[in-house]
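Survey of secondary and tertiary structure
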Amino acid sequence: MGTTGKNFIFTVPQDIETDAANIRKNEFYGKSTPELYKYLICKGLDIVKQRKSGKKNEAPRIRKNKNSG
């Protein structure tokens, strides 16, 4: 099953890995690690865009994979 998009490989510092592991355990149980990191990246991008546009407290977008339930 192919997906569209760009593949990224990056190193995550230990503190971010620990935080992400806690989020995954508490909020993404049963979901894949890539889904977690996609969510975190999208949330961060939304915050950057909000700061640039001067908007605050908007709900972050959540991208759903075609294959995710």
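Look above for the structure.
For the structure given in this document, a descriptive report is provided here. Residue numbering note: each chain is counted from 1, following its sequence as written. Given that this is a predicted model, residues contribute local features only at a pLDDT of at least 70 and side-chain atom pairs are listed and counted only at 80 or more, while totals for whole chains, interfaces and linings are drawn from all residues. For the side-chain quantities, the full set of heavy atoms in the structure was used; hydrogens and water were omitted.

1. Points about the overall build of the protein
The way it works is that DSSP assigns letters per residue, a run of H or I at least four long becomes a helix, a run of E at least two long becomes a strand, and they are numbered from the N terminus. Assigned secondary structure in the protein consists of 2 helices and 0 strands. Per-residue accessibility, obtained with a 1.4 Å probe over protein chains only, is compared with the maximum for each type, and a residue is labelled buried under 20%, exposed over 50%, and partly exposed between these values. Expressed as a percentage of its 69 residues, the buried residues of the protein come to 10%. For accessible areas, the Shrake-Rupley method is used with a probe of radius 1.4 Å. Any residue's cover is judged against the shown protein chains and nothing else. Here the protein has roughly 6,400 Å² of accessible surface; of this, 54% comes from carbon and sulfur atoms.

2. Quick notes on a nonpolar patch on the surface
Residues enter patches when their relative accessible area tops 30% and they take part in no salt bridge; the joining distance is 9 Å for like charges and 5 Å for the nonpolar side chains Val, Leu, Ile, Met, Phe, Trp and Tyr. Here a salt bridge means any side-chain nitrogen of Lys or Arg lying within 4 Å of a carboxyl oxygen belonging to Asp or Glu. A cluster of nonpolar side chains, namely F8, F10, I41 and L45, defines an oily patch on the protein surface of about 440 Å² accessible area. Mapped onto the elements, L45 comes out in helix α2 (residues 33–53).

3. So, the packing of helix α1 (residues 14–27) against α2
Each axis is a line fitted through C-alpha atoms, and for a helix only the stretch in contact is used; angles between axes span 0 to 180 degrees, taken between their N-to-C directions. Put simply, α1 and α2 touch, their axes get as near as 11 Å, and they point 110 degrees apart. The orientation of α1 relative to α2 falls into the category roughly perpendicular. Listed contacts from α2 to E17, A20, I23 and R24 of α1 are T33, L36, Y37 and L40. Under the grouping applied here, Gly and all other residues not named as nonpolar or charged are polar, the nonpolar ones being Ala, Val, Leu, Ile, Met, Phe, Trp, Tyr, Cys and Pro and the charged ones Asp, Glu, Lys and Arg. Tallied by class, the residues present in the contact of α1 with α2 amount to 5 nonpolar, 1 polar and 2 charged. Note on angle classes: values under 35 degrees are labelled roughly parallel, values over 145 roughly antiparallel, values of 65 to 115 roughly perpendicular, and the remainder oblique. What makes two residues a contact is simply this: any of their non-hydrogen atoms within 4.5 Å.

4. Notes on the packing of aromatic side chains
Between 30 and 60 degrees the pair is tilted, below 30 it is stacked and above 60 it is edge-to-face, where a pair is any two Phe, Tyr or Trp rings, Trp via its six-membered ring, whose centres lie within 6.5 Å. Considering all chains together, one arrives at 2 aromatic pairs under this definition. For the pair F28 and Y39, a centre-to-centre distance of 5.3 Å together with 50 degrees between the ring planes defines the contact as tilted. Taken together, the residues span a long stretch of sequence, with F28 in the loop between α1 and α2 and Y39 in helix α2 at a distance of 11 residues. Assigned by exposure class, F28 and Y39 land together as buried.

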